[in-house]
Amino acid sequence: MCLELACRLDERIGLGASMLGAELDPSRSFRSVLLFGPVAGGSGGDGGAGQVDPEPPRTVEELARDLAALDLTVLDAPSPGGHPGGDTAQLLHRALSSSVEAAMYWQEPDDQDALAARLEVREALQPLTESVAAWAPVLGWDRPCAPQQWILRWDRPGSADDSGIHRDVSR
């Protein structure tokens, strides 16, 4: 989740993580191709006056350096409006949601898993993880969850088990 959050906080990091992840992909059965060029008026910091964005990190060491230098002040105080992509709580929820949606526990680790597992990346993400952990009580992530499990049925209406599409089976 924290690598996903870092990619959302800095699009250069996001692009670099995508490129490096593809190189580190342990499965090699699926390869993606990224095509990009310099983007004028992007996040280059000039408000769109035509500057070219700096190159994304090309090595794991460069990515770790950029992760360690990430501006975390957007996560300092629980107040809305800290980031152009929405308030901090929404940003954290989006990063968590993306991480959960991408989780495939039944498969081998993918490219981003391999990248996030690198020692230098884990160490560089430490300040970000501490900032996220400080937000857990604000977001309610430290409260126990109701133990619910859901089952999906794809039966046709009128079949022997016409109990609906979903139901709580935790009881």
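Worth saying up front: this structure is predicted, and the values here are computed from it rather than measured. (Residues numbered from 1 in each chain as written. Predicted model: local features only at pLDDT ≥ 70, side-chain atom pairs only at ≥ 80, totals over all residues. Heavy atoms only, no water.)

Asker: Whenever I open this one, the overall build of the protein confuses me. Can you help?
Answerer: Scanning the protein for helices and strands turns up 6 helices and 2 strands. Per-residue burial for the protein yields a buried fraction of 28% across its 171 residues. Within the protein, contacts between residues separated by at least 24 positions form 61% of all contacts whose residues are at least 6 apart in sequence. Only carbon and sulfur atoms are counted for the fraction: they give 55% of the accessible area of the protein, which is about 11200 Å². (Helix = DSSP H or I, 4+ residues; strand = E, 2+ residues; numbered from the N terminus. Buried < 20%, exposed > 50% of the residue type's maximum accessible area, 1.4 Å probe, protein only. Contact = heavy atoms within 4.5 Å. Areas by Shrake-Rupley, 256 points an atom, 1.4 Å probe, with all protein chains shown as cover.)

Asker: Just checking my understanding: could you explain the nonpolar core for this structure?
Answerer: Where a protein is soluble and globular, its nonpolar side chains tend to be buried together. Counting 28 residues, the largest nonpolar core has Leu5, Leu9, Leu67, Leu75, Leu115, Leu125 and Leu128 as its most contacted members. Looking at this core, the elements with two or more residues in it are helix H1 (2-9), helix H2 (11-24), helix H3 (60-68), helix H4 (88-102) and helix H6 (119-139). Top contributing element to this core by residue count: H6, with 7 residues. With near-sequence residues (within four places) excluded, Leu128 lies in contact with Cys2, Leu5, Ala6, Leu9, Leu72 and Leu75. (Core = buried A, V, L, I, M, F, W, Y, C linked by side-chain atoms within 4.5 Å.)

Asker: I would appreciate a short explanation of a nonpolar patch on the surface in the present structure.
Answerer: A contiguous nonpolar patch, built from Met104, Tyr105 and Trp106 and spanning about 460 Å² of accessible area, is present on the exposed surface. Here Met104 is to be found in the loop between H4 and helix H5 (111-117). (Patch = residues over 30% accessible without salt bridge, like charges linked within 9 Å, V, L, I, M, F, W, Y side chains within 5 Å. Salt bridge = Lys/Arg side-chain N within 4 Å of Asp/Glu carboxyl O.)

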